[in-house]
Amino acid sequence: MNTKTITISSLTLLISMAVSGRGISDYINSKKIAHAPVYKALPDTSECEFSQLRIRRVVTYINAMRSEARTCGNKSYPAAPNIIWNNQLSIAATEHSNDMADNDFFSHTGSSGLIVNDRVSNAGYHWRTVAENIAGGTDTPEQTIDQWIISPGHCHNLMNNVHTDIGLACTRNNLSGYRIYWALVLASPNPSP
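We now turn to the structure provided with this report. (Residues numbered from 1 in each chain as written. Predicted model: local features only at pLDDT ≥ 70, side-chain atom pairs only at ≥ 80, totals over all residues. Heavy atoms only, no water.)

### Describing helix H3 (residues 52–66)
Working step 1: Taking 1.5 Å as the rise per residue, H3 with 15 residues should run 21 Å; its terminal C-alpha atoms sit 21 Å apart, in good agreement.
Working step 2: Listed as buried for H3 are Arg 54, Ile 55, Val 58, Val 59, Ile 62, Asn 63, Met 65 and Arg 66. (Helix = DSSP H or I, 4+ residues; strand = E, 2+ residues; numbered from the N terminus. Expected span 1.5 Å × (residues − 1). Buried < 20%, exposed > 50% of the residue type's maximum accessible area, 1.4 Å probe, protein only.)

So this is what it looks like as structure tokens:
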């Protein structure tokens, strides 16, 4: 059998494991497969796909960063409360990462002149506070977050305790300058829109 070929049944198994949150080792243990090869991790189909498991990992990673007091540039921040994922903010982030990748630019202002406040409002999120971090060229959410936490302005956005919700997106375009474009939107809702 050609090891580079994935059969439909193998693909179905991998998709069902991803949806259920079960990994290969769980499957092997449940089937009692003897001498099965051990893999460190399955490669992501795309670094820009956000399954429920990946969303949980990203939120956990950011919350771990926020759980410790830190200095961003010359400003000190106490530990910040946990944030949660918000699909509307993810839509706004996706709109901007798609725009940057499709139009090969890197800016907080979109190709149509919209800024993060506009994109978040257009996604239906009624905000009290809003901020955005963007990045280009990093391969994983963790690498991107690590890059932001050492940059004073981006670190400020991550550590600002007024933000309660996030949405993160990335878009890949191998023909663009950075190849992968990331947008993180952080916000807190307006209780009376």
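### Some words on the pattern of salt bridges
Working step 1: Tallying each qualifying case throughout the model produces four salt bridges.
Working step 2: We note a salt bridge from Asp 139 to Arg 179, for which the minimum N-O separation is 2.8 Å. Here Arg 179 lies in the loop between strand E5 (165–172) and strand E6 (180–189) and Asp 139 lies in the loop between strand E4 (127–136) and helix H6 (141–149), a separation of 40 residues in the sequence.
Working step 3: Classification of Asp 139 by relative accessible area gives partly exposed; the value is 33%. (Salt bridge = Lys/Arg side-chain N within 4 Å of Asp/Glu carboxyl O.)

### Some words on the side chain of Asn 86
Working step 1: Note that Asn 86 resides in the loop between strand E3 (84–85) and helix H4 (87–103).
Working step 2: Looking at Asn 86, the relative accessible area reads 14%, which means it is buried.
Working step 3: Of note is the side chain of Asn 86, whose polar atom sits 2.8 Å from the backbone nitrogen of Gln 88.
Working step 4: When neighbours within four sequence positions are excluded, Asn 86 is seen to be in contact with Tyr 125, Asp 165, Ile 166 and Gly 167. (Polar contact = N/O pair within 3.5 Å; in protein donor to acceptor, adjacent residues only side chain to side chain. Contact = heavy atoms within 4.5 Å.)

### Comments concerning the environment of Asp 102
Working step 1: With respect to the helices and strands, the residue Asp 102 is situated in helix H4.
Working step 2: In this structure the C-alpha to C-alpha distance between Asp 102 and Thr 171, which are 69 residues apart in sequence, comes to 8.6 Å.

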